[in-house]
Amino acid sequence: MTSATLLTPATSSRPGGERPGKTTRSAERAYIRVLLVLDTAVLAVAILVGYLARFGDEEPTGSKIPYVVVAPVLLLVWLVSLKAMRCYDDQVLGYGADEYRRVSAASMRLAGGIAIAGYIADVGVSRGFLAISFAVGTVGLEVARFAARKRLHRARDRGAGWSRKVLVVGDTAHVLELVHTLRREPYAGYQVVGACIPDALLAPVPQRLGDVPVVGSFRGIPEAAPAIGADTVAVTATGELTATRLRRLGWQLEGTGVDLVVAPALTDVAGPRIHTRPVAGLPLIHVEAPEFRGARKLVKGFVDRSISLIALLVLAPLLTVIALAIKIDSRGPVLFRQTRVGQGGEEFGVFKFRTMVVNADALLAELAARNETDGLMFKMRDDPRVTRVGRLLRKWSLDELPQLVNVLLGQMSLVGPRPPLPSEVARYDGDVARRLLVKPGMTGLWQVSGRSDLSWEDGIRLDLYYVENWSLAADLTILWKTFGAVVNSRGAY
């Protein structure tokens, strides 16, 4: 047994009796019921919009089946299609892109099937009605799922909401690492409630790994999980739990209502680069090499430059107002140009609106002792060098809008790692230097994950993850999330 993502079910049991963690399962079922109600409402509205947009006040003609029958049948079949595509499967709900892909696939396949069946049977149902209904319904389903997920994430961040109760199994080092990883993103929905470690590491007195209680050894996993209310057993990399023992553990958990997942040592690799292929009975994980050039890179460059040009034209009035405000607020130039390091180590001048006094660099040495980051960057929450207008620009990230010029010139991308200073790059080790394999970005995973509130280590981890796993779809997702990050202004100072 193995996994192609950090936590993917290796065994998913569906018992005949009660499952452990009744509260968790009740919350899960309640969330699924909410999704079902939302989907039904969205589809009903979509079908109504399709009808009104196509016919208005006119009486429909040409159909062998009255629309008073077509509408509810279409709604029911659509819901069945969502169910058939496992859009209510708890393994994809609440985290990741699979939920959205399945919803779109279910709608598109149904639309294609109805189009073919309608042509063959010649029932005469308006194609315009169907096209509008499916277009509105598919978008509406995605938006409703997104809104429901965001509400669930907020609840999980507060320690509430539906989350899986996880019993982590492995040696101490890997258990602590997995616990740290899961707690770094609580909205993913994995709450660690206990750990099982090898027999040799057990002590005669109660043990804790950090604040996680040790509830037993590998021998007592099937009994320990229900005892602490866990509904998921997560097995980390460990030499003592062999393939044979892991297979037997799966057998022991059958019918108990406890899911078995495997967290491989391979981390920070996105799903599209991973393929599982059975070889001689072994589910081998094949990892594709990152893509740093080729057709997709050309498309990314074209999209970057096109969007930056359009954005500069649309935002020209706002840019003019900001420039005037900076000029009135303090003496000095409107724009600030700073040397940064781009793809392949090439230096370029990044453009920003000036947010500091003109002698800010000269004052840096006096403030070095007040640095609030733990890495190579200097960050200070109440930096006295920042002007009044500058604080507003930084709060809403408006000071970075001139970087659209850098994107247009091909020096930067809309999405990518943070552009580093030459002084930072001079102190990079081999791993961190991989950030320079792609163009730096105006926004990135660091921007949508907390910006200056992130530790140096977490910022680098996110940048390297992007370098290894970038995609056009991920770029669009990050751009969408950037708007939320800017509005919330979290980590902006």
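Residues numbered from 1 in each chain as written. Predicted model: local features only at pLDDT ≥ 70, side-chain atom pairs only at ≥ 80, totals over all residues. Heavy atoms only, no water.

Draft legend 1. Local environment of the overall build of the protein chain. When helices and strands are tallied, the protein chain shows 16 helices and 13 strands. The buried share among the 493 residues of the protein chain stands at 43%. In the protein chain, once contacts between residues fewer than 6 apart in sequence are set aside, the share between residues at least 24 apart is 73%. (Helix = DSSP H or I, 4+ residues; strand = E, 2+ residues; numbered from the N terminus. Buried < 20%, exposed > 50% of the residue type's maximum accessible area, 1.4 Å probe, protein only. Contact = heavy atoms within 4.5 Å.)

Draft legend 2. Region of the structure containing the packing of helix H2 (residues 67–84) against helix H3 (residues 98–121). At a minimum axis separation of 9 Å, H2 and H3 run at an interaxial angle of 130°. When the axis of H2 is compared with that of H3, the two are oblique. The chirality of how H2 crosses H3 is right-handed. Facing Leu74, Val77, Trp78, Ser81 and Leu82 of H2, the residues of H3 in contact are Val103, Ala106, Ser107, Leu110 and Ile114. (Axes fitted to C-alpha atoms, helices over the stretch in contact; angles between N-to-C directions. Parallel < 35°, antiparallel > 145°, perpendicular 65-115°, else oblique. Left-handed = near helix turned anticlockwise from the far one by under 90°.)

Draft legend 3. Spotlight on the packing of aromatic side chains. Following the criterion strictly, the structure yields 8 aromatic pairs and no others. Here the aromatic residues Tyr51, Phe55, Tyr67 and Phe129 are joined through ring pairs into a cluster of three or more. Cation over ring: arginine 296 sits above tryptophan 470, and NZ or CZ is 4.5 Å from the ring centre. Positioned over the ring face of tryptophan 470 is lysine 297, at 4.4 Å from the centre of the ring. (Phe/Tyr/Trp six-rings, centres within 6.5 Å; stacked < 30°, edge-to-face > 60°. Lys NZ or Arg CZ within 6 Å of the ring centre and 35° of its normal.)

Draft legend 4. Broad picture of empty space enclosed by the protein. With the rule as written, the count across this model stands at 2 cavities of 30 Å³ or more. Each pocket or cavity is described by its volume, and for the largest cavity that value is around 40 Å³. Taken together, Val341, Gly342, Pro417, Arg418, Pro420, Arg435, Leu436, Val438, Lys439 and Pro440 make up the full set of residues lining the largest cavity. Split by residue class, the lining of the largest cavity holds 6 nonpolar, 1 polar and 3 charged. (1 Å grid on protein atoms, 1.4 Å probe; cavity = no way out; pocket = protein on both sides within 12 Å on 5 of 7 lines; lining within 4 Å. Points joined across faces, edges and corners; volume = space filled by probe spheres on them. Nonpolar A, V, L, I, M, F, W, Y, C, P; charged D, E, K, R; others polar.)

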